[in-house]
Amino acid sequence: MLSPTRTGAILAVLAMLCVQTGLALYVGLLGRIGPEAAAWLRLAWAGVLFLVVIRPRPSRFRRSAFVACCALGVVTAGMTMLFMQAVARLPLGTASALEFLGPLAVAVARGGGGKKPWPVLAALGVVLLTEPWHGGADLLGVGYALAAALCWAAYILLTQRVGDEVTGVRGLAVSMPVAAIVATLVSGPRVVEQVTWPLLFAGLGLAVLLPVIPFSLEMLALRRLTTSAFGTLMSLEPAIALVIGLIVLHQVPDASAGAGVLFVVAAGIGAERTGAREPVGQRV
């Protein structure tokens, strides 16, 4: 039988594979409808799917749990919309590496600073993946990715809190419709006219791959891992993004990026071995 730590790590890796594959497929839509419309499609369909399948009853939530679910929805919308803007301007691996600074900050803050080497290894990997010494990067894209990193840090903390207070994925059945409403208020009026019926149905299929499946897997993983371990384990995401970008988008990495992959993989393995959580109390 797998340990909680190993199970959580497997769930997290599966979530990352879904995320990066979904993002690579969404990149094909960016040239047709733009990042705003692509993000709106993801969130709108995810909100509808969770409402229809789970059918949450807010009256059965504790007030603190419901507020946390709504806050998670707002953060999810920000993370999604900002990262799609970053991917439209930067290679998938670079954007993912910059966004990983959010989980890395959580890992450092919750893991006792420099007591463990894994966040340091992950940070070195991110530096090698982004190669800041070359310059010439799209600064606006970098800014979007860093803003998405802040949202991702908050997303990790809120996802764990919601997962601890609410059974199953009922928390996501509240947070994802909230995220869809936020995205519609911010981008809806500008993007609806760009979406055709074929694109609308394509968005339905892609929304299952991202965010419905991976967000559910991440919530289950965070019930088994500490936020420090989960945040450092996310260091695998830039490496996975690099591989998916190579296979699907033909974005070829250089030697420095390859070395960065080795650092983040080492950090992820270390985090997976030291990040089990104690069981939590009763959920609603």
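Our subject is the structure that appears above.
Residues numbered from 1 in each chain as written. Predicted model: local features only at pLDDT ≥ 70, side-chain atom pairs only at ≥ 80, totals over all residues. Heavy atoms only, no water.

Draft legend 1. Quick peek at the overall build of the protein. Counting secondary structure elements, the protein contains 11 helices and 0 strands. Its helices and strands in sequence order give the protein the pattern α-α-α-α-α-α-α-α-α-α-α, from N to C terminus. Whereas a compact globule of 284 residues would reach a radius of gyration of roughly 19 Å, the protein reaches 18 Å, a difference of no more than 12%. Its C-alpha atoms give the protein principal-axis dimensions of about 50 × 45 × 30 Å. Looking at the 284 residues of the protein, the share that counts as buried comes to 54%. A sequence separation of at least 24 residues applies to 91% of the contacts in the protein between residues at least 6 apart. Total accessible area on the protein is roughly 12,200 Å²; 68% of this is exposed by carbon and sulfur atoms. (Helix = DSSP H or I, 4+ residues; strand = E, 2+ residues; numbered from the N terminus. Rg over C-alpha atoms; globule rule 2.2 N^0.38 Å. Buried < 20%, exposed > 50% of the residue type's maximum accessible area, 1.4 Å probe, protein only. Contact = heavy atoms within 4.5 Å. Areas by Shrake-Rupley, 256 points an atom, 1.4 Å probe, with all protein chains shown as cover.)

Draft legend 2. View of helix α1 (residues 4-54). The terminal C-alpha atoms of α1, which comprises 51 residues, lie only 25 Å apart, well short of the 75 Å expected from a rise of 1.5 Å per residue. By the largest-angle criterion, Ile-33 marks the main kink of α1, which is about 115°, and a proline, Pro-35, follows within four residues. Of the residues flanking the end of α1, it is Arg-55, one or two places downstream, whose phi is positive at about 50°. (Expected span 1.5 Å × (residues − 1). Bend = angle between axes of the 7 residues up to and from the residue.)

Draft legend 3. Spatial organisation of the pattern of salt bridges. Throughout the structure, instances matching the rule amount to 3 salt bridges. Between Arg-190 and Glu-36 there is a salt bridge whose closest N-O contact spans 2.4 Å. Remark: Glu-36 occurs in helix α1 and Arg-190 occurs in helix α7 (residues 170-191); sequence separation between them is 154 residues. One salt bridge connects Glu-165 with Arg-62, and the closest N-O pair in it is separated by 3.9 Å. (Salt bridge = Lys/Arg side-chain N within 4 Å of Asp/Glu carboxyl O.)

Draft legend 4. Representation of the packing of helix α3 (residues 92-99) against helix α5 (residues 118-130). Relative to each other, α3 and α5 sit at 145°, their axes nearing to 9 Å. When the axes of α3 and α5 are compared, the crossing they make is left-handed. Contacts from Thr-94, Ala-97 and Leu-98 of α3 reach α5 at Val-126, Leu-129 and Thr-130. Its residues assigned to classes, the contact of α3 with α5 comprises 4 nonpolar, 2 polar and no charged. (Axes fitted to C-alpha atoms, helices over the stretch in contact; angles between N-to-C directions. Left-handed = near helix turned anticlockwise from the far one by under 90°. Nonpolar A, V, L, I, M, F, W, Y, C, P; charged D, E, K, R; others polar.)

Draft legend 5. Highlighting a nonpolar patch on the surface. A cluster of nonpolar residues, Leu-25, Val-243, Leu-246, Ile-247, Val-248 and Val-252, forms a patch on the protein surface that exposes about 530 Å² of accessible area. It is helix α10 (residues 236-249) that contributes the most residues to the nonpolar patch, 4 residues altogether. Residue position: Val-252 is located in the loop between α10 and α11 (255-273). (Patch = residues over 30% accessible without salt bridge, like charges linked within 9 Å, V, L, I, M, F, W, Y side chains within 5 Å.)

Draft legend 6. Inspection of the side chain of Arg-42 at higher detail. Take Arg-42: it is sitting in helix α1. Apart from the residues lying within four places of it in its own chain, the contact partners of Arg-42 are Leu-23, Tyr-26, Thr-80, Met-84, Ala-207, Leu-210 and Pro-211.

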